[in-house]
There are 2 protein chains.
Amino acid sequence: MELKTKVHAEDGKQELTIEREFDLPVSLVFKAHTEPDLIEQWMGNKVLKFEAKNHGGWIYEIKNPDGIVVFRANGVLHDFVENERFTRTFEMENTGFAVQLEFFEFQKVSESKSKLKMHIIYKSVEQRDQVLKMPFIQGINMAHTKMEQLLKDKD
Amino acid sequence: MELKTKVHAEDGKQELTIEREFDLPVSLVFKAHTEPDLIEQWMGNKVLKFEAKNHGGWIYEIKNPDGIVVFRANGVLHDFVENERFTRTFEMENTGFAVQLEFFEFQKVSESKSKLKMHIIYKSVEQRDQVLKMPFIQGINMAHTKMEQLLKDKD
C-alpha cells in the first residue's frame, strides 16, 4: 500500500525530503508541531522543553515502563514564523548520530487542507543512508496518520 | 601563493571542509573561537552574545562608520566540548541564505601545534556554490592568519 507520507532521497546525497498532505487547516498542523501537549499525543514522547521562538530549545524523551530513558533528543529553533515555517536542529542523544538540520514548511492548500514539507540535511551521505535503513519512513507515516486523526477528532 | 587554510569542496555536494594548522596550542585556538574579546579581535565583528555551552546562542554584528548594520549573523551551539569540538548553526541575516550547520573540531598536533577542521553543510548545492563564488576562502585564510599572529603576540 502506498504511504501518504512521501520520502524522497536521491542516491549519493546527504539530504532527504518528506511531504505529506493533511485534511487539516495549516494552523492546526503547525500547532501539532509546536504545542507540547499535542506533540506528546501524536509523537508518543514526553516534551521536557519546547520554546516556540527563535533560539528556543526543545527536548523530547521516552522512558520505558521501568523508568529508563530509551530515547532522548534535543535541538533549537531558527527562523520561526507562525503557521509558515521553522528550522530546527535535531540531536539524538547517545546514538553516535551527528546533529542534523531540519527545515519545516507549512503550506495552505485550502481552508481545510495543507501540506507539510520537511527537508533534512545530514553530516554525511552515510548517516542519511543509515537512517533510511531503519523503519523511519513507516514510523513517520504512522505518526502523521495519528496526528491527522487526533486533530480531526478535536475539530 | 598557496593559502594555509585549505578548503575542500567536491562538485555537486552540499558541503565543504576547511582545514588549517596553527603554530598554537589547541587550547588557544579553542579560546579564539569561544571568547568574545578574542573573537572580536581576529574576526573583526562585535560579539553581542556568545554563550559557550550546549544550546547557547551567539550573535555577531558589524556596523559601518555611520552606525548602519552591514553584517549580522546568529546561531546556537550543540555538542560543546571544551578544547575538542562544537557544532553550531549559522544564520546570516537578511541575505536569503538558509541556516547552515557547522561542525568544528580542534585537534592537538603537539604541545605547540594544532589543527582546526570545519565541516559546513548547506541547504543545497546551489547555496554552497554561491558561497564559493564570494571571496570566502581568501577571507577565512586572512582571518586565520590574523588570529595566529594575535595569539602569538599574546603568548
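This text gives an overview of the structure that appears in the document. Starting afresh in each chain, residues are numbered from 1 along the sequence in its written order. Chains carry letters and ligands carry numbers; both start at the beginning, A for chains and 1 for ligands, and go up in the order they are written. Under the rules for a predicted model, residues below a pLDDT of 70 receive no local features and side-chain atom pairs below 80 are neither given nor counted, while totals for whole chains, interfaces and linings still include all residues. No hydrogens and no water enter the side-chain calculation; it runs on all heavy atoms of the structure.

1. So, the overall build of chain A
1) Next: Helix and strand labels come from DSSP, where a helix needs a run of H or I of at least four residues and a strand needs a run of E of at least two; each type is numbered from the N terminus. From N to C terminus, chain A includes four helices and eight strands.
2) Next: What the globule rule says is 2.2 Å times the number of residues to the power 0.38, and the radius of gyration is computed from C-alpha atoms. Relative to a compact globule of 155 residues, whose C-alpha radius of gyration would be 15 Å, chain A shows 15 Å and is just as compact.
3) Next: For every residue, the accessible area obtained with a 1.4 Å probe (protein chains only) is divided by the maximum for its type, and the residue is called buried under 20%, exposed over 50%, and partly exposed between those limits. For chain A, with 155 residues in total, the buried portion stands at 46%.
4) Next: For this analysis, residues touch if any pair of their heavy atoms sits within 4.5 Å. Partitioning the intrachain contacts of chain A with sequence separation of at least 6 by distance along the chain shows that 47% fall at a separation of at least 24.
5) Next: Here the open area of atoms and residues is found with the Shrake-Rupley method and a 1.4 Å probe, where only the protein chains shown may cover a residue. Just so you have it, chain A exposes about 8,000 Å², and 50% of that area is on carbon and sulfur atoms.

2. What to know about the sheet that holds strand β2 (residues 15-22) of chain B
Residue and element names in this part refer to chain B.
1) Next: An order of β1-β2-β8-β7-β6-β5-β4-β3 is seen for the eight strands of this open sheet, with the pairing classed as antiparallel. Two strands in the sheet have a free side with no partner beyond their single neighbour: β1 (6-8) and β3 (46-50). Adjacent strand axes in the sheet meet at a mean angle of 20 degrees when their direction is disregarded.
2) Next: Two strands pair when backbone bridges link them, and β3 and strand β4 (residues 57-63) are joined in this way by four bridges, in the antiparallel orientation. Residue pairing in the sheet places K49 in a bridge with I59 of β4.
3) Next: Across the sheet, helix α2 (residues 36-43) touches β3 and β4, and the angle it forms with β3 is around 145 degrees.
4) Next: Lines are fitted to the C-alpha atoms to define the axes, a helix being fitted only along its stretch in contact, and any angle between axes, read from their N-to-C directions, falls within 0 to 180 degrees. Along the sheet, helix α4 (residues 136-154) makes contact with β1, β2 and β8 (114-121), crossing β2 at roughly 25 degrees. Strand pairing is defined by DSSP finding a minimum of two bridges between the two strands.

3. Here's the deal with the pattern of salt bridges
Residues and elements named next belong to chain A.
1) Next: The rule for a salt bridge is simple: a side-chain nitrogen of Lys or Arg has to be within 4 Å of a carboxyl oxygen of Asp or Glu. All chains considered together, the criterion is met by 27 salt bridges over all chains.
2) Next: Across the pair D23 and K152 runs a salt bridge, and its minimum N-O distance is 3.8 Å. Here D23, found in the loop between β2 (15-22) and α1 (26-34), pairs with K152, found in helix α4 (residues 136-154); they are 129 residues apart in sequence, far enough to count as distant.
3) Next: Residues R128 and D129 are paired through a salt bridge, measuring 2.8 Å at the closest nitrogen-oxygen approach.
4) Next: According to the relative accessible area criterion, R128 is buried, its value standing at 2%.
5) Next: Residue classification places D129 among the partly exposed positions, given a relative accessible area of 29%.

4. Quick notes on the pairing of strand β4 (residues 57-63) of chain A
All names here are of chain A.
1) Next: Within β4, five of the seven residues are buried, leaving the element largely enclosed by the surrounding structure.
2) Next: In sequence, strand β3 (residues 46-50) turns back onto β4 through a hairpin of six residues, with H55 there showing a positive phi of about 65 degrees.
3) Next: Counting the residues between successive antiparallel strands, the hairpin from β4 to strand β5 (residues 69-81) contains five residues, one of them, G67, with a positive phi of roughly 85 degrees.

5. A word on the relation of the copies chain B and chain A
1) Next: Only residues with pLDDT of at least 70 in both copies contribute their C-alpha atoms to the least-squares superposition of the copies. After a rotation of 180 degrees and a shift along the axis of 0.0 Å, chain B superposes on chain A with an RMSD of 0.0 Å. What the rotation and shift describe, once combined, is the action of a two-fold rotation axis. Closest to the rotation axis within chain B is the C-alpha of L101(B), separated from it by 3.4 Å.
2) Next: Mapped onto chain A, 100% of the interface residues of chain B again fall at the interface, so both copies present the same surface.

6. Comments concerning the packing of aromatic side chains
1) Next: A pair of aromatic rings is counted whenever rings of Phe, Tyr or Trp (Trp by its six-membered ring) have centres within 6.5 Å, and the orientation is called stacked for planes under 30 degrees apart, edge-to-face for over 60 and tilted otherwise. This structure, assessed with the given rule, holds 18 aromatic pairs over all chains.
2) Next: When the ring of W58(B) is compared with that of Y60(B), the centres are 4.5 Å apart and the planes differ by 45 degrees; the resulting orientation is tilted. The burial state of W58(B) is the same as that of Y60(B); both residues are buried.
3) Next: When the ring of F80(B) is compared with that of F86(B), the centres are 6.0 Å apart and the planes differ by 20 degrees; the resulting orientation is stacked.
4) Next: Pairwise contacts between aromatic rings join F30(A), F80(A), F86(A), F104(A) and F106(A) into one cluster.
5) Next: By definition here, charges over rings are those cases where NZ of Lys or CZ of Arg is within 6 Å of the ring centre and within 35 degrees of the ring normal. Over the ring of W58(B) we find R88(B); its NZ or CZ atom is 5.0 Å from the centre of that ring.

7. Structural notes on the pairing of strand β7 (residues 100-108) of chain A
Residue and element names in this part refer to chain A.
1) Next: Across six bridges, the pairing between strand β6 (residues 85-92) and β7 is antiparallel. Bridge assignment links T87 to a residue of β7, and that residue is F103.
2) Next: Taken together, the eight bridges between β7 and strand β8 (residues 114-121) define a ladder with antiparallel strand orientation. Looking at β8, one finds that F104 is bridged to M118.

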